[in-house]
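Structural overview
In case you want the letters, here they are:
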Amino acid sequence: MAKVAFLGLGVMGAPMARHLMKAGHEVTVYNRTTAKAQAWVAEHGGRLALTPAEAAEGCAFVFSCVGADSDLREVTIGPDGAFSAMQPGALFVDHTTVSAQVSRELDAEAKARGIGFLDAPVSGGQAGAENGKLTIMVGGEPEAFQRAAPVMQAYAQRIGLMGPAGSGQLTKMVNQICIAGVVQGLSEALNFAMEAGLDARAAVDVISKGAAQSWQMENRSSTMIDGQFDFGFAVDWMRKDLGLVLDEAKRLGVTLPLTALVDQFYGDVQKMGGGRQDTSSLIRRFRG
C-alpha cells in the first residue's frame with residue numbers, strides 16, 4: 001500500500017481515486033473546484049488538499065486526470081504545482097488525454113527534478129472508470145512502469161507500456177481514430193436502415209453476429225436508434241481529442257481524411273447543441 005495523491009475529480013478521476021482508496025492506499029485528493037473534493041472526502045474518506053503541491057507532498061505516487069495541456073501544466077509546473085513538492089524518486093502518472101509533446105516536455109522536466117513521469121491516458125469511458133475496468137496506454141521508462149502498474153491495477157483491466165514518453169498519448173490517438181471511424185460507419189448504417197424501412201434493431205441483431213460486429217454496435221446501436229445520448233464521453237471532449245490527433249498527424253505528415261471528416265461532423269453536432277452528449281450522438285448529423 002502507498003501514500004498517493006489524485007489531482008482532478010471529474011467523471012473519470014473521482015471513481016479512479018475511489019478505487020485507489022478501496023485498494024487500501026492512503027489517498028489525498030485535489031480538485032480545482034474545492035467543493036467537489038470536499039464532497040469526495042466526505043463520501044469516501046482520505047484527505048483534502050487545497051493545492052496540487054500540498055496533495056503531492058510526501059506521496060510516492062501522484063496521479064492526475066484533468067482537462068487539457070494547459071490544465072496539466074498548471075497542476076505540475078504551475079504555481080503550487082505538484083512537481084515542486086514531490087520528493088526525489090516519487091512518480092507522477094498522468095491519465096489526461098493531452099498532446100504527446102506536453103508529455104515529453106513534462107517527462108524531461110521531471111527527470112531534471114529527480115522524479116519519474118508516465119503519460120498514461122485511458123480508454124473505457126465513465127463506465128470503465130466506475131467499474132475499475134479501464135485500458136491504460138503508458139509511455140515512459142520501464143522501471144517507472146513496473147512500479148506504477150500494480151497501483152493502477154486498482155482501476156484497470158489492461159495496462160500496456162507502449163514505449164518512451166509520449167507513446168501512451170500516441171496510442172490513445174490511434175484509439176480515437178478507430179472510434180471515430182466506427183461511430184461514423186454505425187451512424188450511417190443505422191440511418192440507412194431506418195430510411196429503408198427496415199427494423200433497425202433486427203438488422204443489428206443479425207449483422208452483429210458477423211464481421212460488422214463492434215463494441216459500439218453492441219453497446220450503442222439500440223440507444224442511437226432511440227435517440228438517447230447520455231452515456232459518458234462527450235462530443236466536446238472527442239473534438240478536443242481529434243484536434244490533438246489531427247495536429248500530430250500534420251506534424252508527422254500523415255493524412256487522416258476520414259478522421260478529419262468525422263471531426264467536422266462532430267462540429268455540426270456541437271452547433272446542434274449536442275456538445276455535452278456522448279459520441280454516439282454523431283447519428284444526429286444524419287437524423288436531425
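Because the structure is predicted, anything quoted here is derived from the model rather than measured. (Residues numbered from 1 in each chain as written. Predicted model: local features only at pLDDT ≥ 70, side-chain atom pairs only at ≥ 80, totals over all residues. Heavy atoms only, no water.)

A closer look at the environment of proline 257
Put simply, the test is: The numbering of helices and of strands both runs from the N terminus, where a helix is a DSSP run of H or I of at least 4 residues and a strand a run of E of at least 2. Buried, partly exposed and exposed residues are distinguished by accessible area as a fraction of the type maximum, computed with a 1.4 Å probe on protein chains only: under 20%, between the cut-offs, and over 50%, respectively.
Mapped onto the elements, proline 257 comes out in helix H12 (residues 257-271). Residue classification places proline 257 among the exposed residues on the basis of a relative accessible area of 62%. Along the primary structure proline 257 and lysine 22 are separated by 235 residues, whereas in three dimensions their C-alpha atoms are 44 Å apart.

So, the pairing of strand E2 (residues 26-30)
Each regular strand shows side chains that alternate between the opposite faces of the sheet. To keep it simple, the criterion reads: A pair of strands is labelled paired if DSSP reports no fewer than 2 bridges between them. A clockwise path from the first strand over the helix to the second, with the strands pointing away from the viewer, defines a right-handed crossover.
Within E2, four of the five residues are buried, which leaves the element mostly enclosed by the surrounding structure. Note that strand E1 (residues 3-7) and E2 share five bridges and pair parallel. When the sheet's bridge partners are listed, alanine 5 is paired in E2 with threonine 28. Where the polypeptide runs from E1 across helix H1 (residues 13-22) and back to E2, its parallel neighbour, the crossover connection is right-handed. One crossover worth recording links E2 to the parallel strand E3 (residues 47-48) by way of helix H2 (residues 34-44), and it is right-handed.

Some details on the pattern of salt bridges
As a working rule, side chains carrying opposite charge can pair if their charged atoms are close by. Spelled out, the test is: Salt bridge, as used here, is a side-chain nitrogen of Lys or Arg placed within 4 Å of a carboxyl oxygen of Asp or Glu.
One pass over the full model with this rule turns up 16 salt bridges. For glutamate 141, the salt bridge identified is with lysine 111, shortest N-O distance 3.6 Å. A residue pair is termed long-range when its members are at least 10 positions apart, and glutamate 141 in the loop between strand E8 (134-139) and helix H7 (142-152) and lysine 111 in helix H5 (residues 100-112) qualify at 30 residues. Using a relative accessible area of 42% as the deciding quantity, one classes glutamate 141 as partly exposed.

Quick look at helix H10 (residues 215-226)
What counts is decided by this rule: Given a helix with a known number of residues, its expected span is that number minus one, times 1.5 Å. In what follows, residue pairs with any heavy atoms lying within 4.5 Å of each other are defined as contacts.
Taking 1.5 Å as the rise per residue, H10 with 12 residues should run 16 Å; its terminal C-alpha atoms sit 18 Å apart, in good agreement. Listing the buried residues of H10 in full gives Gln216, Met217, Arg220, Ser221, Thr223, Met224 and Ile225. Those residues of H10 that are buried lie in contact with helix H8 (167-195) and helix H9 (200-207). At the C-terminal side of H10, glycine 227 shows a positive phi close to 75°.

Thoughts on the packing of helix H4 (residues 69-76) against H5
Basically, it comes down to this: Note on geometry: axes are lines fitted to C-alpha atoms, helical ones only across the stretch in contact, with angles between N-to-C directions running from 0 to 180 degrees. Just so you know how the angles are binned, under 35 degrees is roughly parallel, over 145 roughly antiparallel, 65 to 115 roughly perpendicular, and the rest oblique. The sense of a crossing depends on the near helix, which, turned anticlockwise from the far helix by less than a right angle, makes the crossing left-handed and, turned clockwise, makes it right-handed. Think of it as three bins: nonpolar holds Ala, Val, Leu, Ile, Met, Phe, Trp, Tyr, Cys and Pro, charged holds Asp, Glu, Lys and Arg, and polar takes everything else, Gly as well.
Two elements in contact, H4 and H5, have axes separated by 10 Å at closest approach and are oriented at 15°. Between H4 and H5, the interaxial angle falls into the category roughly parallel. Handedness of the crossing formed by H4 with H5: right-handed. Counting all contacts with H4, which are made through Asp69, Leu72, Arg73 and Thr76, the residues of H5 involved are Val102, Glu105 and Leu106. Residue composition of the contact of H4 with H5, grouped by class: three nonpolar, one polar and three charged.

Brief notes about the packing of aromatic side chains
The geometry of an aromatic ring pair comes down to the distance between the two centres and the angle between the two planes. Let me state the cut-off plainly: In this analysis, rings of Phe, Tyr and Trp, with Trp reduced to its six-membered ring, are considered paired at centre separations within 6.5 Å, and the interplanar angle assigns stacked below 30 degrees, edge-to-face beyond 60, and tilted for intermediate values.
All chains considered together, the criterion is met by six aromatic pairs. Considering the side-chain rings of phenylalanine 6 and phenylalanine 63, the 6.2 Å spacing of their centres and the 15° angle between planes classify their relative orientation as stacked. Highlighted residues: phenylalanine 6 in strand E1 and phenylalanine 63 in strand E4 (residues 61-64), separated in sequence by 57 residues. Each member of the pair, phenylalanine 6 as well as phenylalanine 63, carries the same accessibility label: buried. With a centroid separation of 5.9 Å and an interplanar angle of 10°, the aromatic rings of phenylalanine 92 and phenylalanine 117 are classed as stacked. Within this pair, whereas phenylalanine 92 is found in strand E5 (residues 91-94), its partner phenylalanine 117 is found in strand E6 (residues 116-119), the two being separated by 25 residues in sequence. On the basis of relative accessibility, which here comes to 0%, the residue phenylalanine 92 falls in the buried class.

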